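The residues making up each chain are set out below.
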Amino acid sequence: MSEPMRLINETGAVVGDGLPEPEVLLDGYRALVLARRLNAQAEALVRQGRLAVYPSSHGQEACQVAAAAVLADTDWLFPTYRDVAAIAARGVDPLDVLMMLRGDWHCGYDPLATRVAPQATPLATQLPHAVGVGHAARLKGEDTVVMALCGDGATSEGDFHEALNFAAVFASPVVFLVQNNKYAISVPLARQSAAESLAAKGAGYGMPAVLVDGNDLAALTVVLSEAVARARRGGGPTLVEADTYRIRAHTNADDPSRYRTDDEVDEWRPRDPLLRLRAHLTSTGALTPEREAEFAAAAEEMAAHVRAGMGEETALDPAELFAHVYSTPTPQLREQAALLAAELNEVRS
Ligand SMILES: Cc1ncc(C[n+]2csc(CCOP(=O)(O)OP(=O)(O)O)c2C)c(N)n1
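A short tour of the structure in this document, coming up. (Residues numbered from 1 in each chain as written. Predicted model: local features only at pLDDT ≥ 70, side-chain atom pairs only at ≥ 80, totals over all residues. Heavy atoms only, no water.)

1. A short note on the pattern of salt bridges
Here is the rule: In the sections that follow, a salt bridge refers to a side-chain nitrogen of Lys or Arg positioned within 4 Å of a carboxyl oxygen of Asp or Glu. Only protein chains enter the area calculation, which uses a 1.4 Å probe; residues under 20% of their type maximum are buried, those over 50% are exposed, and those in between are partly exposed.
One pass over the structure, following the stated rule, counts 15 salt bridges. Residue Arg102 is joined to Asp104 by a salt bridge in which the shortest nitrogen-to-oxygen separation is 3.3 Å. You'll find Arg102 and Asp104 in the same group, each marked buried. Bridged by salt links that share partners, the residues Arg6, Asp213 and Arg276 form one connected network.

2. Focus on the packing of aromatic side chains
Condition: Ring pairs shown here join Phe, Tyr and Trp side chains whose ring centres sit within 6.5 Å, with only the six-membered ring taken for Trp; geometry is labelled stacked below 30 degrees between planes, edge-to-face above 60, and tilted in between.
Following the criterion strictly, the structure yields 6 aromatic pairs and no others. Ring geometry for Trp76 versus Phe78: centroids 5.8 Å apart, planes at 40 degrees, classification tilted. Both residues of the pair, Trp76 and Phe78, count as buried. Ring geometry for Tyr183 versus Tyr259: centroids 5.5 Å apart, planes at 45 degrees, classification tilted.

3. Looking at the packing of helix H1 (residues 22-47) against helix H2 (residues 61-69)
Selection criterion: Fitted lines through C-alpha atoms serve as axes, helices being fitted only where they are in contact, and the angles separating the N-to-C directions of these axes extend from 0 to 180 degrees. The way it works is that DSSP assigns letters per residue, a run of H or I at least four long becomes a helix, a run of E at least two long becomes a strand, and they are numbered from the N terminus. Oblique is the label for every angle not falling under 35 degrees (roughly parallel), over 145 degrees (roughly antiparallel), or within 65 to 115 degrees (roughly perpendicular). Should the near helix be turned anticlockwise from the far one by less than a right angle, the crossing is left-handed, and should it be turned clockwise, the crossing is right-handed. It only takes one pair of heavy atoms within 4.5 Å for two residues to be counted as in contact. Residues were grouped as follows: Ala, Val, Leu, Ile, Met, Phe, Trp, Tyr, Cys and Pro as nonpolar; Asp, Glu, Lys and Arg as charged; and all remaining residues, including Gly, as polar.
The contact between H1 and H2 brings their axes to 9 Å, and the two run at 125 degrees. Taken together, H1 and H2 sit at an angle that is classed as oblique. Like other packed secondary-structure pairs, H1 and H2 cross with a definite hand, here right-handed. Taken together, the residues of H2 that come into contact with H1 (itself represented by Gly28, Ala31, Leu32, Ala35, Arg36 and Asn39) are Glu61, Ala62 and Val65. Its residues placed into classes, the contact of H1 with H2 shows 5 nonpolar, 2 polar and 2 charged.

4. Concerning the pairing of strand E6 (residues 209-213)
How we decide: If DSSP finds at least two bridges between two strands, the strands pair. Seen with its strands pointing away from the viewer, a crossover is right-handed if its path from the first strand over the helix to the second goes clockwise.
In this structure, E6 lies alongside strand E7 (residues 238-243), joined through 5 bridges in parallel fashion. Looking across to E7, one finds that Val212 is bridged to Ala242. Running through helix H10 (residues 217-232), the crossover from E6 to the neighbouring parallel element E7 is right-handed.

5. Brief notes about the layout of surface pockets
Cut-off, in case you're wondering: Both site types are read off a 1 Å grid over the protein atoms alone. A 1.4 Å probe that fits but cannot get out defines a cavity, while an open set with protein on both sides within 12 Å along at least five of seven lines defines a pocket; lining residues have an atom within 4 Å of a point. Grid points are joined across faces, edges and corners, and a volume is the space filled by probe spheres set on the points.
The computed volume of the largest pocket comes to approximately 440 Å³. Lining the largest pocket are 22 residues, with Asp27, Arg30, Ala31, Leu34 and Ala89 sitting closest to its centre. When contributions to the lining of the largest pocket are tallied by element, the ones reaching two or more residues are H1, H2, helix H3 (84-89), H10 and helix H13 (289-311). The dominant element in the lining of the largest pocket, judged by the number of residues it contributes, is H1, at 8 residues. The residue inventory of the lining of the largest pocket, partitioned by class, reads 18 nonpolar, 2 polar and 2 charged. Looking at the second largest pocket, its volume works out to about 290 Å³. If you go around the second largest pocket, you meet 21 residues; those closest to its centre are Tyr81, Arg82, Leu123, Gly151 and Asp152. Of all elements in the fold, only strand E2 (146-151) and strand E4 (183-184) reach the threshold of two or more residues within the lining of the second largest pocket. Tallied by class, residues from the lining of the second largest pocket come to 9 nonpolar, 8 polar and 4 charged.

6. Thoughts on the site of the ligand
Condition: The nearness test applies per residue and asks whether one of its heavy atoms lies within 4 Å of the molecule or strand. Any N or O atom pair separated by 3.5 Å or less is treated as a polar contact, with the protein-specific requirement of one donor-capable and one acceptor-capable atom, and with residues adjacent in sequence counted only for side-chain atom pairs. Per-residue and other accessible areas were derived by the Shrake-Rupley procedure at a 1.4 Å probe size, with only the shown protein chains allowed to occlude residues. The rule for placing a molecule in a cavity or pocket is simple: more than half of its atoms must lie within 2 Å of the grid points.
Not every one of the 15 residues close to the ligand is listed here, only the nearest: Tyr81, Arg82, Thr121, Gly153 and Tyr183. Taking Thr121, its main chain carries an N or O atom lying 2.9 Å from a nitrogen atom of the ligand. Separating an oxygen atom of the ligand from a side-chain N or O atom of Asn181 is a distance of 3.0 Å. Summarising the interface, the protein chains cover 72% of the accessible area of the ligand, which totals 580 Å² for the free molecule. A majority-of-atoms criterion places the ligand in the second largest pocket. Taken together, the residues of the shell around the ligand sort by class into 7 nonpolar, 5 polar and 3 charged.

7. Things to note about the side chain of Thr144
Tracing the backbone through its elements, the reader meets Thr144 in the loop between helix H6 (126-139) and E2. Excluding its chain neighbours within four sequence positions, the residues that come into contact with Thr144 are Thr74, Asp75, Trp76, Arg115, Ala137 and Pro173.

8. Examining the side chain of Thr251
Mapping Thr251 onto the fold places it in the loop between E7 and helix H11 (262-268). On the basis of relative accessibility, which here comes to 11%, the residue Thr251 falls in the buried class. In terms of polar contacts, Thr251 uses its side chain to reach the backbone amide nitrogen of Ala253, at 3.0 Å. Those residues in contact with Thr251 that lie beyond four places of it in its chain are Val53, Tyr54 and Pro55.

9. Some remarks on helix H7 (residues 158-169)
To keep things clear, this is the line we draw: Each helix should span, by expectation, one fewer than its residue count multiplied by 1.5 Å. Read the arc as the range of directions from the helix axis to the C-beta atoms.
With 12 residues, H7 extends 17 Å from end C-alpha to end C-alpha; this agrees with the ideal 16 Å at 1.5 Å per step. Within the span of H7, buried status applies to Phe160, Ala163, Leu164, Ala167 and Ala168. Projected onto a plane normal to the axis of H7, the buried residues spread over an arc of 120 degrees and lie on a single side. Exposed side chains of H7 directed beyond 90 degrees from the buried face belong to Glu162 and Val169. Looking at the buried side of H7, the elements it contacts are H6, E2, strand E3 (174-180), helix H9 (200-205) and E7.

10. Remarks on unusual backbone geometry
For Ala124, which is not glycine, the phi dihedral falls at a positive 70 degrees. As for its placement among the helices and strands, Ala124 is situated in the loop between helix H5 (111-114) and H6. For Ala124, a relative accessible area of 2% gives the class buried. Its identity as a non-glycine residue notwithstanding, Lys182 has a phi of 80 degrees, on the positive side. Counting through the fold element by element, Lys182 comes out in the loop between E3 and E4.

The values reported here are purely geometric and, on their own, carry no functional implication.
Below, the structure is given as C-alpha cells:
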C-alpha cells in the first residue's frame, strides 16, 4: 500500500486535488477546536477525581470530527471508549457522553434517539452490531449508512474479521474507520500485525480500502464522504485506515514511558491536526482572528458546561444495576436484586 492519501501537509500547504470548500473546512476547524477542548477538560476532570477514567483522543481529533461530520441524521455511529469527541461532534451533549466514563450509567444518551450506539469497551464487539444495523436497514429499504469505529488493536479480534466478511458478502452499508494510533495500550503496531497496512485487510474480504492521513481533516472528509456515498447507493462497505497517533497515555491508568520514548511522541507533535488546518485556513484568509476568538469562546462555553455538570453529585438508584440486563430477569438476578435492596434498607434504617 502506498503513502496515505493527503490533501494538506504539516505546514498547511495544499498537496492534492479536490479540497473541500473553505466553509466546510472552517466548520471542521471549529469542531476540532471543540474536540481538543473537550479532551483537555475531560483529562482535567480525571485529575480532579470527577471522572473515573478518560481515554483521550488528543491528536486524533480529525478522525473524530470527520467521522461525525460526513453522516446524515438518519445514519448511525458505532463508537468505542476513545470516541467521546466523535459522539459530541454528532451533537450529543458531552455531559451525557461522559456519564459512562464517570461510572454513573452504562450509556448516558438514548442510542435510538441519537443514532449513536453505546460506547463499546470490549474490543470490536460493536462491529458485528454495526453490520447488523446496516444489514437491517437495507432489508427495510432504508438508505441508512453506519460508521463503525475501531482501533488498530481491534483489527486482530475475530469480531473485526467476521464483521468485514459479512458486510462485504451482503454489501452492507458500513464504513469501517480504523484509527491506527500505533498502540493497543502497550502493544505497538509491529507486534499487532504483519500486514503491509491495516487497510490491506480490506482486500482480503473484497471491499475497497483506503489509507488516509488521519491528521488531515480535509483528506478524511473526502475519503469518508466518498465511502458514505458508495454505501448509501448500495455499493457496499469500505475499510478506511486513518494513519494517526495517540499522543496521550492509553488512559489515566497507563504510563506510556514504560513502552515508548518521548522522542517518538515529539515526532508526531508537528503533525497535529489542528495546527495544520489552522495554518492552511490562516494562509487563505478564511480564518480571521475574530473567527478564531469566536471558536475559542464556544469551546470555553462547552467546557464550562461540562465542568458545571460534573461538579454536581448524581443521585443514582443502585437497583438500576439490574435493569436492562434481560427483558425478563433471570431468577438469579431477581435474587441478587432482592439481596441488594434488603442490604440497602438495613444500611438506611
Ligand atoms: C475483547 C477485549 N480484549 C481486551 C481488552 C482490553 N483492552 C482495552 S483497550 C485495549 C487496546 C485497544 O487498542 P486499539 O484497538 O488499538 O484501540 P485504542 O485504545 O488504541 O484506541 C485492550 C487490549 C478489551 N477491552 N476487550
